Amino acid sequence: METAQSGRQAAPGARTAFARFVLCGGGVGLASSFAVAALAAWISWGLANALITALSTLLATELHARFTFGAGRHATWRQHVQSAGSAAATYAVTCAAMLVLHQLAPASGAMLEQGVYLSASALAGVARFAALRLVVFARTTRPVRATATVTPTVPAARATAPAVPAELCRAA
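Here's what I pulled together on the structure shown here.

On to the overall build of the protein chain, then. Within the protein chain one finds six helices and zero strands. Scanning the protein chain from its N terminus toward the C terminus, one meets helices and strands in the order α-α-α-α-α-α. Across the 172 residues in the protein chain, those meeting the buried criterion constitute 24%. Within the protein chain, residue pairs in contact and separated by at least 24 positions form 62% of the contacts whose partners lie at least 6 positions apart.

Right, dumping it as structure tokens:
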């Protein structure tokens, strides 16, 4: 009933959220790769990659806010900034992996490059999922205040009952 009243959905379990993360993030990533290639026909590849990365991060953050982590509402600006930070960290990890590969094996083939890139991307993706789930889209719960048990007060009876009949009449 709480979720219906507050407009928030129940948070999905970790497995469900991870499956949604892979579906949303993977879908946006796949679409982005085609968009970069198409846009690079008109502008430089670096600029196309930067533009598509920015747009795809905004789109993925919205999808993660609404669908992956069950918030059921728009992502906040704070969430967008934090998500962009985690995407930048993922980008840095994949670039570093490729740099190390080219230092260790300068004549590496396309298959090895793809394997290293996808492995680094997968590891960084798992870390990004954890960051998004535990930090960016973490459910904040308000601490429950301890309430004192209130017992209704009943007027106390007189401690001493009048012993003399005359006092009984006055007491009434």
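And the narrative resumes.
Looking now at the packing of helix α3 (residues 45–68) against helix α4 (residues 77–104). Contact geometry of α3 with α4 gives a least axis separation of 10 Å together with a crossing angle of 120 degrees. The orientation of α3 relative to α4 falls into the category oblique. As for how α3 packs across α4, the hand of that crossing is right-handed. Between α3 and α4, the residues in contact are T57, L58, T61 and E62 and Q79, H80, S83, A84 and A87, respectively. Split into classes, the residues belonging to the contact of α3 with α4 amount to three nonpolar, five polar and one charged.

It is worth spelling out the side chain of R128 at this point. One can find R128 in helix α5 (residues 110–136). Of the polar contacts made by the side chain of R128, one reaches the side chain of S86; its length is 2.8 Å. Every residue in contact with R128, bar those within four places of it in the chain, is listed here: F21, H64, S83, S86, A87 and T90.

Ranked by size, the top nonpolar core spans nine residues in total: A17, F21, A65, F69, A75, F129, L132, V136 and F137. Broken down by secondary-structure element, the contributors of at least two residues to this core are α2 (14–39) and α5. A total of three residues in this core trace back to one element, the largest contributor, which is α5. Among residues more than four places away in sequence, those in contact with F129 are A14, A17, F18, F21 and F69.

Inspection of every chain in the model, using the stated rule, returns one salt bridge. The closest approach of N and O atoms between R66 and E62, which form a salt bridge, is 3.3 Å. Linking R66 with E62, this pair stays in helix α3, spanning four residues, or about one helical turn. R66 sits in the partly exposed class, given a relative accessible area of 41%. In this structure E62 comes out as buried when scored by relative accessible area, which is 17%.

The next point concerns α2. Here α2 spans 36 Å end to end across 26 residues, near enough to the 38 Å set by a 1.5 Å rise per residue. Of all the positions in α2, only A17, F21, C24, V28, S32 and V36 are classed as buried. Those residues of α2 that are buried lie in contact with α3 and α5.

Tallying each qualifying case throughout the model produces five aromatic pairs. With a centroid separation of 5.2 Å and 20 degrees between ring planes, the pair formed by F69 and F137 is classed as stacked. With F69 in the loop between α3 and α4 and F137 in the loop between α5 and α6 (165–171), this pair connects stretches of sequence that are 68 residues apart. Here F69 matches F137 in class, with each residue buried. Taken together, the ring pairs in this structure connect F18, F21, F69, F129 and F137 into an aromatic cluster.

Moving on, we come to a nonpolar patch on the surface. Nonpolar side chains collect at one region of the surface, where F18, V22 and V126 lie side by side and expose about 240 Å² of accessible area between them. Within the fold, F18 resides in helix α2.

Conventions and cut-offs
Residues numbered from 1 in each chain as written. Predicted model: local features only at pLDDT ≥ 70, side-chain atom pairs only at ≥ 80, totals over all residues. Heavy atoms only, no water. Helix = DSSP H or I, 4+ residues; strand = E, 2+ residues; numbered from the N terminus. Buried < 20%, exposed > 50% of the residue type's maximum accessible area, 1.4 Å probe, protein only. Contact = heavy atoms within 4.5 Å. Axes fitted to C-alpha atoms, helices over the stretch in contact; angles between N-to-C directions. Parallel < 35°, antiparallel > 145°, perpendicular 65-115°, else oblique. Left-handed = near helix turned anticlockwise from the far one by under 90°. Nonpolar A, V, L, I, M, F, W, Y, C, P; charged D, E, K, R; others polar. Polar contact = N/O pair within 3.5 Å; in protein donor to acceptor, adjacent residues only side chain to side chain. Core = buried A, V, L, I, M, F, W, Y, C linked by side-chain atoms within 4.5 Å. Salt bridge = Lys/Arg side-chain N within 4 Å of Asp/Glu carboxyl O. Expected span 1.5 Å × (residues − 1). Phe/Tyr/Trp six-rings, centres within 6.5 Å; stacked < 30°, edge-to-face > 60°. Patch = residues over 30% accessible without salt bridge, like charges linked within 9 Å, V, L, I, M, F, W, Y side chains within 5 Å. Areas by Shrake-Rupley, 256 points an atom, 1.4 Å probe, with all protein chains shown as cover.

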